[in-house]
Amino acid sequence: MTRLALQGWRPTLLDLLLSLAVVVAGLVESFGRQGPLPGQIDHPAPLAAGAVAAGALLLFRRRFPMTMLLLLTADGYAVRMVTDAGYYAAWHFYSTLILVHTVASAAELRSRRGLGGLVCVLTTYGYLQTFQHNDMAEVLISAIFMGVAYASGILLRRQIDQTMRLTAHTTRLELEREERARWAVTEERNRIARELHDVISHNVSLMTLHTGGMRMLLGDDRVRERDLLLGVERAGREAIEELRLMLGMLRGADRNVPESLQPSLSRLNDLVTQVGEAGLEVRLRIIGEPYPLPPGLDQSVYRVIQEALTNVLKHAHAAKAEIVIGYDRAELSVEVTDDGTGHPPGDGHGTGHGLIGMRERTAMYGGALVTGPVPGGGYRVSARFSPTGLSAVS
């Protein structure tokens, strides 16, 4: 055993307990059976020393299993030569079974190390058969015990390998799930950015055009005011250009979408009709007096409803769904409830891709999303937008 091989290695608590058990059992056996009669021990000291050595070998059983098994066999042979007796110590047999089990669990049998371990086990078994008083029953009993110890080691190693494979597979799936969740958040934010790009660019363009119109209406004697408005125009054009450079690349597949097909609550009836044609009966209920929403908020509310209905169609196995939109000056609420037996992906806390998207949209406007089963059956998606998101309404 080299220093490098032992670097950073420590015996486990199980190794310590097994070592202590062999030492104590060996001392009890050696001195407890001392005597001149047949079956007793004339010279207990060598057997006791051998038991202590066997206990020390067990401390290194996991690091050098084959070496420790061979050294244990040599230990038993040395004790036998010193005492010149045919007595076979029980502590040696117990230690042998422990090391046979360890050797079998250390490597795959079909590997070079596994074949080497099998040779060591057979060598040890051959040593046990050298005692003259062994009869056929003793031969079979030792073979059975060593066979069971060897087989249990193989089973333990296979169980450990299977557990490690399952652990690695579980870890990989968890990493993939987290990566998909991050991708879903990024994709949804890109989608929101594409929609906001159109809204912001449109509004800034209108501001720039109105400013230019106001500048043209001013007379030549209003030079200072005309210069100020010209500066505003230039700033507006620069803002539009910056938006185009920063966000225009995100538009992607949405570049050619007609304005009439952009997401909006004005198209909610069309969405309800489409979902109805897919086999889901949808009821739309409005509470309060509807008022115009900022374009970005209008799109987000529509997307939340659209995603909720999509989840109902895909996962809920529902026959009916109800959409409730509550208009209030202090809060805008949206609820989509179904009577299905299945749940959308996720645990109700936003781990499914659809729930992630809805949560991102509500959070963007200072709102909150709550999802979960409904008492008595069904599922509910509830989104509430805070006054922060409605500040442009009043």
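Residues numbered from 1 in each chain as written. Predicted model: local features only at pLDDT ≥ 70, side-chain atom pairs only at ≥ 80, totals over all residues. Heavy atoms only, no water.

### Some thoughts on the pattern of salt bridges
For step 1, the next point in the chain: With the rule as written, the count across this model stands at ten salt bridges.
For step 2, the next point in the chain: Linking D15 and R62 is a salt bridge whose minimum nitrogen-to-oxygen distance equals 3.3 Å. Placement of the pair is D15 in helix α2 (residues 13–32) and R62 in the loop between α3 (44–58) and α4 (65–83), with a sequence separation of 47 residues.
For step 3, the next point in the chain: Of the residues examined, D15 reaches a relative accessible area of 0% and is grouped as buried.
For step 4, the next point in the chain: In this structure, the salt-bridge partner of D161 is R157, at a minimum N-O distance of 3.6 Å. (Salt bridge = Lys/Arg side-chain N within 4 Å of Asp/Glu carboxyl O. Helix = DSSP H or I, 4+ residues; strand = E, 2+ residues; numbered from the N terminus. Buried < 20%, exposed > 50% of the residue type's maximum accessible area, 1.4 Å probe, protein only.)

### Focus on the packing of aromatic side chains
For step 1, the next point in the chain: Across all of its chains, the model carries two aromatic pairs by this definition.
For step 2, the next point in the chain: Between F93 and F145 the ring centres are 6.0 Å apart and the planes differ by 80 degrees, which places this aromatic pair in the edge-to-face class. In this pair, F93 is assigned in helix α5 (residues 90–106) and F145 in helix α7 (residues 136–217), connecting sequence segments 52 residues apart.
For step 3, the next point in the chain: A ring pair is formed by Y291 and Y327, whose centres lie 5.2 Å apart and whose planes are at 80 degrees; its orientation type is edge-to-face. Within this pair, whereas Y291 is found in the loop between β1 (281–287) and α10 (295–316), its partner Y327 is found in strand β2 (residues 320–327), the two being separated by 36 residues in sequence.
For step 4, the next point in the chain: Lying across the ring of F64, R63 places its NZ or CZ 5.3 Å from the centre. (Phe/Tyr/Trp six-rings, centres within 6.5 Å; stacked < 30°, edge-to-face > 60°. Lys NZ or Arg CZ within 6 Å of the ring centre and 35° of its normal.)

### A look at the sheet that holds strand β4 (residues 368–373)
For step 1, the next point in the chain: Across the sheet, which stays open at both edges, the five strands sit in the order β1-β2-β3-β5-β4 with mixed pairing between neighbours. Each of the sheet's edge strands pairs with one partner strand only, and the pair in question is β1 and β4. On average, each strand axis in the sheet is inclined to that of its neighbour by 10 degrees, with strand direction left out of account.
For step 2, the next point in the chain: By the bridge criterion, seven bridges tie strand β3 (residues 332–338) to strand β5 (residues 379–385) in an arrangement that is antiparallel. Within the sheet, the bridge partner assigned to T337 lies in β5 and is R380.
For step 3, the next point in the chain: The sheet strands contacting α10 are β2, β3 and β5, and the helix crosses β3 at an angle near 10 degrees. (Pairing = 2+ DSSP bridges. Axes fitted to C-alpha atoms, helices over the stretch in contact; angles between N-to-C directions. Contact = heavy atoms within 4.5 Å.)

### A word on the packing of α2 against α5
For step 1, the next point in the chain: Closest axis-to-axis distance for the α2/α5 pair is 8 Å, and the angle between their directions is 160 degrees. Between α2 and α5, the crossing angle belongs to the class labelled roughly antiparallel. Read as a crossing pair, α2 and α5 show a hand that is right-handed. Of the residues in α5, those in contact with L18, V22, G26, E29 and S30 of α2 are A90, W91, S95 and I98. (Parallel < 35°, antiparallel > 145°, perpendicular 65-115°, else oblique. Left-handed = near helix turned anticlockwise from the far one by under 90°.)

### Things to note about helix α6 (residues 112–128)
For step 1, the next point in the chain: Along its 17 residues, α6 runs 25 Å from first to last C-alpha, staying within 8% of the 24 Å computed at 1.5 Å per residue.
For step 2, the next point in the chain: The set of residues buried in α6 consists of G114, G117, C120, V121, T124, Y127 and L128. Summarising the axial view, the buried residues of α6 lie within an arc of 135 degrees, below the 170-degree limit, and thus occupy one face. Looking at α6, the residues exposed on the side facing more than 90 degrees away from the buried face are R112, V119 and L122. (Expected span 1.5 Å × (residues − 1). Arc of directions from axis to C-beta.)

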